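# Examining the three-dimensional arrangement
This is what each chain is made of:
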Amino acid sequence: MTVAFLPPGAGLPNAIAGVSEAELDTIRSLYAVWTKKRPRNVLRSVYFDGKMALKPTGNIPREAMSRIEAVLDWPEKAVTTLAERSVFEGFVAPGVTQDPFDLEPILDANRFDIELPQAIQSSYKHSCSFITTARGDTEAGEPEVVIMARSAEWSSALWDDRRRVISAAMSITEVSPTTGEPLAMDVYLPDAVLLLSRRPSGAWTADRRDNPLGEVLVEPLTYDPQLGRPFGRSRISRAVMNITDHALTTIVRAEIGADFYAVPRIILTKLAADAVQRNKWDLAIDRFLAITKDEDGDAPTVQQFQQMTMQPLLDQYRMYATQFSGATGVPVSNLGIVTDNPPSAEALYADDRRLVVTAKRQNRILGASLKRVAQKVIQLRDGVGVTDEMRQIDSAWANPASISPGAAADALVKLAAVFPWLADSEVGLEMAGFTSSEITRLLSDKRRAQGSQRLAALLAGPSEAPAAPTPDAPAE
């Protein structure tokens, strides 16, 4: 979808049938937030996709700038390198081995294992994304509860500072391909969900659907929320974009300098008028060069300018890579900077440590929102309120640190020596590096083996008990 940047309130009518004036004011506020934030969100998407334009410089001619195509994927790495560390393993609860409240069928029907990573990546790109929940139309083939991920590029929300929840949200689902004005949008309010659509005449219609929970069915996934910025900030920050622009300009300068480096510049003096009748390229690539004397009979002289070196440009590119690593926590080695001496395991862990710490913090922040998503799904499915058991739901995440299997096994053995019961815990299997699906299969195999052992014991019959002592014989 392509959308032009519209002024706040453009395309919205003064009245919509079935929508109160207070609700229409909320819709206008949501639309104003969307139009205000959209240019920056689109700009971050442009940097993420590597489609940013080259910034003109005074030293490089515009003609050369227009002919060179240079791409740099550093902003994409700032997002994906962290998003790859946020691997959701499922919902857990105390006293429940796996899948509390039978959420797996609904999550599987909504392709949650595919939707959630996209939502997390979108939140790191635009500072936030949204997860919406709603009752599904099972007769139409929808899941019992529909869970959808929404991008901030097409959505907006209002925050309630006192209750720390979203008070209203909007998601645009269709726009005009010519004018860029919205043609359909979903508006989430505490007591209802409004499905707004625009007719060819320009009038808007509203399909009102009751919200049984009495709270907005939208949860934000945010990166680095702060006081005054509840929807967080983007990983593609102003510093990231500025450093990327400078590094991209360095690539262009290196590309232009490579042509001068490949073809050295030569000075020819005291030549006859017709001594050189070839173009510069032929003159540069010829193996033999025959030059006649000038009219005075003086022998020609050939000199060469001092050859330029590419090293200053390479050093400058490395400097920008270091600055980018400092701004994002992405290791320099992930930016294509290769060192002659491979780093040790301790050095790799040190480079990775900041990213791991950030990922662990983000997993806690994302887990708080996913906990509320799970509670809403259970409420919509079962038609109940929030119970004490539902408040104990938590989210499980894979370890964001890259630990070798040998190191993980060694740590588990040492901990099991102090806490023997840890070896029989799911947490121990997680520490050993097994994924959620692998843990499920391992526990299933364990239960199957235990069942076979019990069956074999039953088939073997009771074991022979020792003979009871006679009354005359003293008991030992």
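Figured I'd write up the structure that's included with this text. (Residues numbered from 1 in each chain as written. Predicted model: local features only at pLDDT ≥ 70, side-chain atom pairs only at ≥ 80, totals over all residues. Heavy atoms only, no water.)

A complete count under the given rule lists 10 aromatic pairs for this structure. Measuring from ring centre to ring centre gives 5.5 Å for Y31 and W34, while their planes differ by 55 degrees; the resulting arrangement is tilted. Of the two residues, Y31 and W34 are both situated in helix α1 (residues 21-48); the distance of 3 residues between them amounts to about one turn of the helix. Taking relative accessible area as the criterion, Y31 reaches 0% and is therefore assigned buried. (Phe/Tyr/Trp six-rings, centres within 6.5 Å; stacked < 30°, edge-to-face > 60°. Helix = DSSP H or I, 4+ residues; strand = E, 2+ residues; numbered from the N terminus. Buried < 20%, exposed > 50% of the residue type's maximum accessible area, 1.4 Å probe, protein only.)

Okay, the sheet that holds strand β4 (residues 155-160) next. What links the strands of a sheet is backbone hydrogen bonding, and the strands pair in either a parallel or an antiparallel sense. In space, the 5 strands of this open sheet follow the order β4-β5-β6-β7-β8, with antiparallel pairing throughout. Looking at strand neighbours, the two that pair on one side only are β4 and β8 (204-210), the edges of this open sheet. Across the sheet, the axes of successive neighbouring strands diverge by a mean angle of 15 degrees, strand direction being ignored. Looking at chain direction, strand β7 (residues 192-198) and β8 are connected through 7 bridges and run antiparallel. Across the sheet, L196 pairs through a bridge with A206, a residue of β8. (Pairing = 2+ DSSP bridges. Axes fitted to C-alpha atoms, helices over the stretch in contact; angles between N-to-C directions.)

Our focus in this paragraph is helix α5 (residues 112-126). Helix length check: α5 (15 residues) gives 20 Å between terminal C-alpha atoms against 21 Å at 1.5 Å per residue, within 8%. Residues of α5 that are buried include every one of F112, L116, A119, I120, S122, S123, Y124, K125 and H126, and no others. After α5 finishes, the residue S127 shows a positive phi value of roughly 90 degrees. (Expected span 1.5 Å × (residues − 1).)

Vacant regions in the atomic arrangement are exposed by a probe of water-molecule size rolled over the atoms. In this structure the tally under the stated criterion is 3 cavities of 30 Å³ or more. The computed volume of the largest cavity comes to approximately 50 Å³. Residue lining of the largest cavity: F130, T132, R150, S155, S156, A169, M170, S171, Y188 and V218, and that is the complete set. Of all the elements in the fold, those that place two or more residues in the lining of the largest cavity are β2 (128-135), β4 and β5 (165-175). (1 Å grid on protein atoms, 1.4 Å probe; cavity = no way out; pocket = protein on both sides within 12 Å on 5 of 7 lines; lining within 4 Å. Points joined across faces, edges and corners; volume = space filled by probe spheres on them.)

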